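# Geometric and topological summary
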Amino acid sequence: MRTLKIGQGWLIVLFFFTIQLAHAGEQIIRFETSAAYNEMKAILGNKNIINDIPQLNAFVFDERFLTQITSNKFRANRIRYIQKNRQIKLLLPAAAETDKAVILGNWGSEYIGVKTAWKRTYGRGVVVAVSDTGIASSHPDFKGRMWLNPGESGLDSNGKKKTSNKIDDDGNGYKDDAYGWDFGVGMSSTRDNLYHGTHVAGTIAASLKSLTPGIAPEATLMSSAFLDDTGSGTEAHGAQTIIYATDNGAKIVNCSWGAYGDSALILDAIKYAGNKGVLVVGASGNDAINTDTKPHIPSAYNNLDNVISVAAIQSKSGEPAWFSNFGFLTVDMAAPGHLIKSTFNPYYGASRLYDTLSGTSMAAPHVSGVAALIISLKPRLSPKQVKDIILSSVQKTADWTGITVSGGMLRADTAVEQAAALP
Ligand SMILES: [Ca+2]
Ligand SMILES: [Ca+2]
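Residues numbered from 1 in each chain as written. Chains lettered and ligands numbered in written order. Predicted model: local features only at pLDDT ≥ 70, side-chain atom pairs only at ≥ 80, totals over all residues. Heavy atoms only, no water.

### Considering the coordination of the calcium ion (ligand 2)
For the calcium ion (ligand 2), the full set of protein donor atoms is Glu 152 (OE), Lys 162 (O), Asn 165 (OD1), Ile 167 (O), Asp 169 (OD) and Asp 176 (OD), at a range of 2.2 to 2.4 Å. Bound by 6 donor atoms, the calcium ion (ligand 2) shows angles of 80 to 178° at the metal and therefore octahedral coordination geometry. Mapping the donors of the calcium ion (ligand 2) onto the primary sequence yields the spacing E-x9-K-x2-N-x1-I-x1-D-x6-D. Since its relative accessible area comes to 39%, Ile 167 is described here as partly exposed. (Donors = N, O, S within 2.8 Å, 3.2 Å for Na, K, Ca; no water. Tetrahedral: all angles 85-135°; square planar, octahedral: opposite > 155°, others 65-115°. Buried < 20%, exposed > 50% of the residue type's maximum accessible area, 1.4 Å probe, protein only.)

### Focus: the layout of surface pockets
Within this model, the largest pocket holds a volume of roughly 200 Å³. Lining the largest pocket we find Asn 51, Asp 52, Pro 54, Gln 55, Asn 172, Gly 173, Tyr 174, Trp 181, Phe 183, Gly 186, His 237 and Gln 240. Each residue belonging to the lining of the largest pocket can be placed in one class, and the counts come to 4 nonpolar, 7 polar and 1 charged. Mapping the lining of the largest pocket onto the domain boundaries places at least three of its residues in each of domain 1 (4-17 + 89-421) and domain 2 (20-87). (1 Å grid on protein atoms, 1.4 Å probe; cavity = no way out; pocket = protein on both sides within 12 Å on 5 of 7 lines; lining within 4 Å. Points joined across faces, edges and corners; volume = space filled by probe spheres on them. Nonpolar A, V, L, I, M, F, W, Y, C, P; charged D, E, K, R; others polar. Domains from an automatic or database assignment.)

### Here's the deal with empty space enclosed by the protein
Scanning the entire structure with this criterion turns up 2 cavities of 30 Å³ or more. Of the pockets and cavities examined, the largest cavity occupies roughly 110 Å³. Together, 15 residues line the largest cavity, and Asn 106, Ser 109, Ile 340, Lys 341 and His 366 are the ones closest to its centre. Where the lining of the largest cavity is concerned, the elements lending two or more residues are helix H5 (107-111), helix H7 (196-205) and strand S17 (340-343). For the lining of the largest cavity, the class distribution of residues is 5 nonpolar, 9 polar and 1 charged. As a volume, the second largest cavity reaches approximately 40 Å³. Lining the second largest cavity are Lys 251, Gly 277, Val 278, Leu 279, Ile 375, Pro 379, Leu 381, Ser 382, Pro 383 and Val 386. Residue composition of the lining of the second largest cavity, grouped by class: 7 nonpolar, 2 polar and 1 charged. (Helix = DSSP H or I, 4+ residues; strand = E, 2+ residues; numbered from the N terminus.)

### Brief notes about the pairing of strand S15 (residues 307-313)
The buried count for S15 comes to 7 of 7 residues, which makes it a mostly enclosed element. Of the strand pairs in this sheet, strand S13 (residues 279-283) and S15 are connected by 4 bridges, and their pairing is parallel. The residue of S15 that forms the bridge with Gly 282 is Ser 309. Bridge count for S15 against strand S16 (residues 333-336) is 4 bridges, and the pairing is parallel. Bridging across to S16, Ala 311 finds its partner in Ala 334. (Pairing = 2+ DSSP bridges.)

### Topic: the domain arrangement of the protein chain
One widely used convention gives an interface's size as the accessible area the parts lose upon coming together. Domain annotation of the protein chain identifies domain 1 (4-17 + 89-421) and domain 2 (20-87). Of note, the centres of domain 1 and domain 2, computed from C-alpha atoms alone, are 30 Å apart. Of the residues lining the interface, 20 residues belong to domain 1; the matching set on domain 2 comes to 17 residues. For the pair domain 1 and domain 2, the summed buried surface comes to about 1500 Å²; carbon and sulfur atoms form 53% of the total. When the area that domain 1 buries against domain 2 is broken down by residue, the three leading residues are Glu 235, Leu 265 and Asp 268, summing to 33%. (Contact = heavy atoms within 4.5 Å. Buried area = accessible area lost by both parts, 1.4 Å probe.)

### Brief notes about unusual backbone geometry
That bond from Ile 297 to Pro 298 is cis: its omega, 5°, falls within 30 degrees of zero. In this structure, Asn 57 takes a positive phi of about 50° despite not being glycine. The residue Asn 57 is located in the loop between strand S4 (49-53) and strand S5 (58-62) in this model. A relative accessible area of 12% places Asn 57 in the buried class.

### Thoughts on the packing of helix H10 (residues 360-377) against helix H12 (residues 412-421)
Describing two packed helices takes the angle between their axes plus the distance from one axis to the other. Where H10 meets H12, the axes come as close as 9 Å, and the angle between the chain directions of the two elements is 20°. The angle between H10 and H12 places the two elements in the roughly parallel class. Two packed elements cross with a definite hand, and for H10 against H12 that hand is right-handed. Only Ala 412, Ala 415, Val 416, Ala 419 and Ala 420 of H12 make contact with H10, whose side of the interface consists of Val 370, Leu 373, Ile 374 and Leu 377. Tallied by class, the residues present in the contact of H10 with H12 amount to 9 nonpolar, no polar and no charged. (Axes fitted to C-alpha atoms, helices over the stretch in contact; angles between N-to-C directions. Parallel < 35°, antiparallel > 145°, perpendicular 65-115°, else oblique. Left-handed = near helix turned anticlockwise from the far one by under 90°.)

### Some points on the pattern of salt bridges
On inspection of all chains with the given rule, the structure shows 13 salt bridges. A salt bridge links Asp 355 to Arg 352; the shortest N-O distance between them is 2.5 Å. For Arg 352, a relative accessible area of 16% corresponds to the buried category. The partner of Lys 384 in a salt bridge is Asp 388, with the nearest N and O atoms 3.0 Å apart. Residue Lys 384 and its partner Asp 388 are both found in helix H11 (residues 383-392); the two are separated by 4 residues, about one turn of the helix. You can call Lys 384 partly exposed: its relative accessible area is 41%. (Salt bridge = Lys/Arg side-chain N within 4 Å of Asp/Glu carboxyl O.)

### Comments concerning the coordination of the calcium ion (ligand 1)
Distances from the calcium ion (ligand 1) to its protein donors, namely Glu 152 (OE), Asp 168 (OD), Asp 170 (OD), Asn 172 (OD1), Tyr 174 (O) and Asp 177 (OD), fall within the range 2.2 to 2.4 Å. Every donor counted, the 6 donor atoms about the calcium ion (ligand 1) form angles of 80 to 174° at the centre, which fits irregular coordination. The exposure class of Asp 170 is partly exposed, given its relative accessible area of 29%.

See the structure below:
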């Protein structure tokens, strides 16, 4: 991982995401019905099923079984799709930059008018899932902010702690998932495998006492992780982070990751979330390209009512950040994403609690934070209503007209006032 060190120990790191080579020989299959899915599971046997996604009648299997699954026409009729289980990986850009990060402070939250919005709400009562590398939950700025699964905490009937009794006490399919889940390692998510998720989480809901308070500093953070210490994860795990968050009470899922191409499974996971009233916020990607011609997912699924795709604003100038993807059809709006100071994983590298990062990864959580403020005020709003408020309350500018759906930049103050005015 390349980083560039500039004055006072600040690190400037930019994240570029793309799909790498297919994950070694894994395929994802989705069946039309649970009957066909159960039948194929029985035929293949548990030991040959790498990953199981019952909510979508889907599972991951080794591709050496592909012929066995597809050769029977009767079964093939009931297969909705088969796709490779590709790998998603964080990448760094060709060029790093030096800039005056130190003097910018918390420009992002100030720029969108968050202090005015805070007169109405701090986002209390809303669970925001961070689909990422995990969250360094012991960071002091997350005190009281982390989600605790009520069904996996306290004592069981034998007097053992539900957090560690190796029993799926709440029956949600995951043993001891008291602190969310890390799909990459297959256990409860208590740490950040890198530092990316911690930074994103801080922008959403670092506490008011933080040096860098989040946009919704009383919202609750759920870690639904899948990216490892190299920033890699599979498509199936990415889809599962969205499904897990949905099933366990999150109202918003922040996806500061992505890939080029298409993914039937991730699209289905997002639809699953939408049907259960969950909003997905996606980063538009960092390759300075038009994603209308080269779709970047999940952000380019913004034609769905429950997806908002977010580009990055250059620090304070209001212009598109030099790296930000854009798209008249596929990018909804812009938010601060350049030289953003937020919480950092204290266990990564030279210990520090804050750092400054750039990327559309940093822009998306500004929107997730505003969505949390809106839902906190009006919990009954649908994802579409929340999206409509956020897009219709943007500050329109010439810079963003024609290259985004809304033509403008996130406004926390205007969005929250619009929500407050609703019956
Ligand atoms: Ca459980
Ligand atoms: Ca348990």
